[in-house]
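Geometric and topological summary
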Amino acid sequence: MNGFRRLLAAGLTTFGLMTVMPAVSAAQAPIHFADLNWESGSLITDVLRIIVEKGYGLPTDTLPGTTITLETALANNDIQVIGEEWAGRSPVWVKAEAEGKVASLGDTVKGATEGWWVPEYVIKGDPAKGIKPLAPDLRSVSDLKKYKDVFKDPESPSKGRFLNSPIGWTSEVVNKQKLTAYGLQDDFTNFRSGSGAALDAEISSSIRRGKPVLFYYWSPTPLLGKFKLIQLEEPPFDAEAWKTLTDADNPNPKPTRSLASKLSIGVSTPFQKQYPQIAEFFSKVDFPIDDLNKALAEMSEKHTPPRDAATAFMKAHPDVWQSWLPKDVADKVSADLK
């Protein structure tokens, strides 16, 4: 908790200034959104912020942090909104939800998924690029032991390399535990990139060079819109085994695929009570996954800032976001986008 408070100290200094500035009404205080550092999270967050600002006339800002620290902040109402919440996955969220401190609103991206992936050419080859199949019988995580040399770690050549999420993401803990649960901890290096962007860069670079790469990933994402990938099979979902994967300190994690993905908007319960009209809007948010993946791919390829990408998405798909809103609110947003 001390680390979290240090992390957000810069973003919260404005609260200290209130002692020397004229008081503002609660309605004028900015709504704090989580500053999510992956493409879908950042684009969705800015779509929501644009609507809140232009349609409801309320100021917003963002505060940074890891998944776990942001969920902790939401439970304490230090932030009010997490635009892309994979609800029910982390112990922090589960505890806060059980205590009535947070709520997940809507089913924002139907068809979302996550797991372990390899490029299609690793299994099937790519004659057009002169690539032969390197792991033709690779179907499941249980097959990885015999293919560790295919995914050789340049820094530890006796092992394969598994590209995990950045430290601080809930999925990073789950994947670390999965390596042990699948009996792969001695055969594969658990490699963590410094950020979501660094993970993307390493995967994309390997694929463009036709190199084998094993990695954790999810959808909606730019990669799923750009490359042919194959998701490896995992054991059927088991709720008790899942608890051992989300517990970083569990010494005996059990094998299971991840909890079925449901993306929602995470809010603090004080925010939900203070702004019921916005909570109602959040409950209706639904991004078509194919349109979102295409927008994310374009955003990534052109290095478009999230705010600009969100504006472009809204201009291209007015029928999508207008269906979430009362007509008078939608009209205000539409007028601003012209």
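Along every chain, residues carry numbers that run from 1 in the direction the sequence is written. In keeping with the model being predicted, local features are shown solely for residues with a pLDDT of at least 70 and side-chain atom pairs are shown and tallied solely at 80 or more, while totals for entire chains, interfaces and linings include all residues. With hydrogens and water excluded, all non-hydrogen atoms of the structure serve as input to the side-chain values.

1. Some thoughts on the packing of helix 13 (residues 289-302) against helix 14 (residues 306-316)
It is at 10 Å that the axes of helix 13 and helix 14 come closest, and there the two elements cross at 140 degrees. Relative to helix 14, the element helix 13 is oriented oblique. Here the hand of the crossing between helix 13 and helix 14 comes out right-handed. Every residue of helix 14 that contacts helix 13 at Asp291, Leu292, Ala295 and Met299 is listed here: Pro306, Ala309 and Phe313. Amino acids are sorted into nonpolar (Ala, Val, Leu, Ile, Met, Phe, Trp, Tyr, Cys and Pro), charged (Asp, Glu, Lys and Arg) and polar (every other residue, Gly among them). Broken down by class, the residue content of the contact of helix 13 with helix 14 amounts to six nonpolar, no polar and one charged. Note on geometry: axes are C-alpha line fits, over the in-contact stretch for helices, and angles between N-to-C directions span 0 to 180 degrees. Numbering goes from the N terminus for both helices and strands, where a helix is a DSSP run of H or I of at least four residues and a strand is a run of E of at least two. Put simply, angles under 35 degrees are roughly parallel, angles over 145 are roughly antiparallel, angles from 65 to 115 are roughly perpendicular, and the rest are oblique. A clockwise turn of the near helix away from the far one marks a right-handed crossing, whereas an anticlockwise turn of less than a right angle marks a left-handed crossing. When checking whether two residues touch, look at their non-hydrogen atoms; a contact exists if any pair is within 4.5 Å.

2. Examining the UniProt feature "domain: ABC-type glycine betaine transport system substrate-binding" (unreviewed entry) in the protein
UniProt positions are given in the numbering used here, feature names are shortened, and annotations may be inferred rather than shown by experiment. Annotation from UniProt places "domain: ABC-type glycine betaine transport system substrate-binding" (unreviewed entry) at residues 30-315. Secondary structure across residues 30-315 divides into 41% helix and 20% strand, with the first and last C-alpha atoms of the span separated by 25 Å.

3. Remarks on the pairing of strand 1 (residues 31-34)
Residue exposure (1.4 Å probe, protein chains only): buried if accessible area is under 20% of the type maximum, exposed if over 50%, otherwise partly exposed. Here strand 1 shows a buried face lined by Ile31 and Phe33 and a second buried face lined by His32 and Ala34. When DSSP finds at least two bridges between two strands, those strands are taken to pair. Here four bridges tie strand 1 to strand 2 (residues 60-63), and the two strands are oriented parallel to one another. Residue pairing in the sheet places Phe33 in a bridge with Thr62 of strand 2. When the strands point away from the viewer and the connection leading from the first strand across the helix to the second strand turns clockwise, the crossover is called right-handed. Considered for its hand, the β-α-β crossover made up of strand 1, helix 3 (residues 39-56) and strand 2 is right-handed.

4. Looking at helix 16 (residues 327-337)
Along an α-helix, residues three or four positions apart point the same way, because every turn accommodates 3.6 residues. Taken residue by residue, helix 16 has Val329, Ala330, Val333, Ser334 and Leu337 as its buried positions. Buried residues of helix 16, viewed axially, fall in a sector of 135 degrees; they line one side. Looking at the buried residues of helix 16, the elements they touch are helix 3, helix 14 and helix 15 (318-322). Here, the arc refers to the directions that run from the helix axis to the C-beta atoms.

5. Re empty space enclosed by the protein
To locate leftover empty space, one rolls a probe as large as a water molecule over the atoms. Put plainly, a pocket is an open set of points on a 1 Å grid over the protein atoms alone with protein on both sides within 12 Å along at least five of seven lines, a cavity is a set where a 1.4 Å probe fits but cannot get out, and a lining residue has an atom within 4 Å of a point. Grid points are joined across faces, edges and corners, and a volume is the space filled by probe spheres set on the points. Evaluated as defined, the whole model comprises one cavity of 30 Å³ or more. Size it by volume and the largest cavity reaches roughly 310 Å³. In terms of lining residues, the largest cavity is bounded by 20 residues, among which Trp38, Thr67, Trp86, Thr170 and Ser171 are the most central. The set of elements that each furnish at least two residues to the lining of the largest cavity consists of helix 4 (67-75), strand 3 (81-86), helix 7 (170-181) and strand 9 (214-219). Split by residue class, the lining of the largest cavity holds ten nonpolar, five polar and five charged.

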